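# Fold and geometry: a report
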Amino acid sequence: MPQGSSQTSSLHRVVLVVDENSNPFEMSCAIEVFGLRRPELGRELYDFRLCAAEPATRMRDGFFTLSDVAGLDAVVDADTLIVPNRPDTDTPRSPEVLDTVRRAYARGARLIGFCSGAFTIAEAGLLDGRRAACHWMWAESFRARFPQVELEPDVLFVDDGDILTASGSASALDLGLHVVRRDHGAEIANAVSRRLVFAAHRDGGQRQFVERPVPDVPDESLAPLLAWAQERLGEPLTVADLAARAAVSPATLHRRFRAQLGTTPLAWLTGERVALACRLIERGEERLDVVAARSGLGTAANLRARLRRETGLSPSAYRRRFGPAAGEALIV
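Residues numbered from 1 in each chain as written. Predicted model: local features only at pLDDT ≥ 70, side-chain atom pairs only at ≥ 80, totals over all residues. Heavy atoms only, no water.

As a further point, take the sheet that holds strand E9 (residues 157–159). Strand order in the open sheet formed by 6 strands is E2-E1-E5-E6-E10-E9, and the pairing between neighbours is mixed. Single-partner strands in this sheet number two, and they are strand E2 (46–52) and E9. The mean angle between the axes of side-by-side strands here comes to 15 degrees, regardless of whether they run parallel or antiparallel. Both strand E6 (residues 110–113) and strand E10 (residues 163–166) contribute to a ladder of 3 bridges, which runs parallel. In the strand pairing of E10, glycine 113 is matched with threonine 165. Set on the sheet, helix H1 (residues 24–35) makes contact with strand E1 (12–18), E2 and strand E5 (80–82); between it and E2 the angle comes to about 155 degrees. Most of the contacts of helix H2 (residues 95–106) go to E5, to which it runs at about 160 degrees, and overall it touches E5, E6 and E10. (Pairing = 2+ DSSP bridges. Helix = DSSP H or I, 4+ residues; strand = E, 2+ residues; numbered from the N terminus. Axes fitted to C-alpha atoms, helices over the stretch in contact; angles between N-to-C directions. Contact = heavy atoms within 4.5 Å.)

Here the structure, examined in full by the defined rule, presents 20 salt bridges. A salt bridge links arginine 37 to glutamate 44; its shortest N-O distance comes to 3.9 Å. For arginine 37, a relative accessible area of 44% translates into the label partly exposed. Glutamate 44 gets classed as buried once you look at its relative accessible area, which sits at 17%. Residue arginine 232 pairs with glutamate 231 through a salt bridge whose shortest N-O separation is 3.6 Å. Look at the salt bridges and you will find they share partners, linking Arg130, Arg131, Glu152, Asp160 and Asp162 into a network. (Salt bridge = Lys/Arg side-chain N within 4 Å of Asp/Glu carboxyl O. Buried < 20%, exposed > 50% of the residue type's maximum accessible area, 1.4 Å probe, protein only.)

Across the 7 residues of E2, 7 count as buried, placing the element largely inside the fold. Covered by surrounding structure in E2 are Tyr46, Phe48, Leu50 and Ala52 together with Asp47, Arg49 and Cys51, the residues of both alternating faces. Taken together, the 7 bridges between E1 and E2 define a ladder with parallel strand orientation. By the bridge assignment for E2, leucine 16 is matched with leucine 50. Each parallel crossover has a hand, and for E1 linked through H1 to E2 it is right-handed. (Right-handed = clockwise from strand over helix to strand, strands pointing away.)

Orientation of helix H11 (residues 288–295) relative to helix H12 (residues 300–311), taken along the N-to-C sense of each, is 75 degrees, at an axis distance of 8 Å. One way to sum up the angle between H11 and H12 is to call them roughly perpendicular. Each of Leu288, Val291 and Ala292 in H11 lies in contact with H12, whose residues at this interface are Ala300, Leu303 and Arg304. When grouped by side-chain class, the residues that make up the contact of H11 with H12 number 5 nonpolar, no polar and 1 charged. (Parallel < 35°, antiparallel > 145°, perpendicular 65-115°, else oblique. Nonpolar A, V, L, I, M, F, W, Y, C, P; charged D, E, K, R; others polar.)

This part covers H1. Those residues of H1 not exposed but buried are Pro24, Glu26, Met27, Cys29, Ala30, Val33, Phe34 and Gly35. Elements in contact with the buried residues of H1: E1, E2, strand E4 (65–67), E5, helix H5 (171–184) and helix H6 (186–196).

Looking now at the confidence of the model for the protein. Here the protein averages 84 in pLDDT, and 88% of its residues register 70 or above. Looking across the protein, the model is least confident in H6, with a mean pLDDT of 83, and most confident in E5, with 97. Scored below 50 in pLDDT, residues 1–8 makes 24 contacts in the model with residues more than four places away or belonging to other chains. (pLDDT = per-residue confidence, 0-100.)

For the coordinates displayed, the defined rule picks out 6 aromatic pairs. Ring geometry for tyrosine 318 and phenylalanine 322: centres 4.7 Å apart, planes at 55 degrees, overall tilted. Remark: phenylalanine 322 and tyrosine 318 occur in helix H13 (residues 315–322); sequence separation between them is 4 residues, near one turn of the helix. Both residues of the pair, tyrosine 318 and phenylalanine 322, count as buried. The structure contains a cluster of three or more aromatic residues connected by ring pairs, namely Phe119, Phe142 and Phe146. (Phe/Tyr/Trp six-rings, centres within 6.5 Å; stacked < 30°, edge-to-face > 60°.)

Below, the structure written as structure tokens:
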């Protein structure tokens with residue numbers, strides 16, 4: 001819900017804290033994902049607030065000064081708190097901001113850190129013994145300062161339950177869409193991604209740095225192959241089938257997936273099938289065997305295992321949360 005709206009009582013409240021020298025890109029990502037109206041959905045998804053410790057906050061490198069936003073008291077009733085990030089990671093965060101983060105987490109708020117936001121959460125003492133991601137440029141510095149944190153330096157984002165962190169700038173969108181998918185289901189997340197003109201789902205375990213060399217002739221883009229495969233997910237497609245369609249060897253296809261998508265053909269295919277299974281459940285399909293067959297996951301047992309791995313929910317729990325008939329059990 002855009003800032004200033006009065007329709008906030010039933011919406012999950014997301015609050016973004018901006019601090020001195022914060023990055024404007026990640027702020028904009030948060031606004032795009034959590035703060036815009038969604039008339040195409042017929043309902044709003046979040047009540048979004050932007051706040052800062054000071055009345056005027058100088059953004060990164062003095063590009064502009066942010067003013068006329070709420071103070072830190074806006075965090076009091078946040079359900080999700082997006083912590084500040086900034087490029088000068090060696091400069092300590094203000095004690096007032098760190099106290100705000102600690103208090104929000106202590107009363108049950110979910111924490112999100114984009115890019116260097118993991119430094120803020122770690123400085124608050126909330127990441128010890130937890131998994132986290134940060135930009136690859138600061139991985140060595142982060143490990144030296146916070147050795148008790150289980151840093152995963154080569155992934156897009158980490159979902160550790162009530163603390164989520166994203167690596168670089170663009171992965172803020174990946175994590176934001178992941179949160180929408182977790183909160184509202186795959187169908188809504190796909191709608192948001194379409195409006196963003198952004199990939200609906202890149203798994204958090206994909207690499208941060210993906211090589212994108214200028215393609216030789218002929219064009220080696222995977223886009224046509226991906227579109228072809230997405231139309232046939234219910235068929236018994238294998239990596240060998242994808243390679244044959246692309247007229248390359250499986251080894252060459254694997255290299256292209258790694259270079260262009262940062263993942264493997266099998267992992268991509270499985271992820272697409274799980275996403276399709278989620279959409280089928282959300283649209284009301286109650287029979288697990290039908291969902292498994294139409295999504296290409298094969299069996300109800302495999303569907304259960306894959307869905308739990310990707311979403312943390314069983315099929316019945318997923319349907320209760322996101323399906324059209326809440327409370328009804330899936331027919332097995």
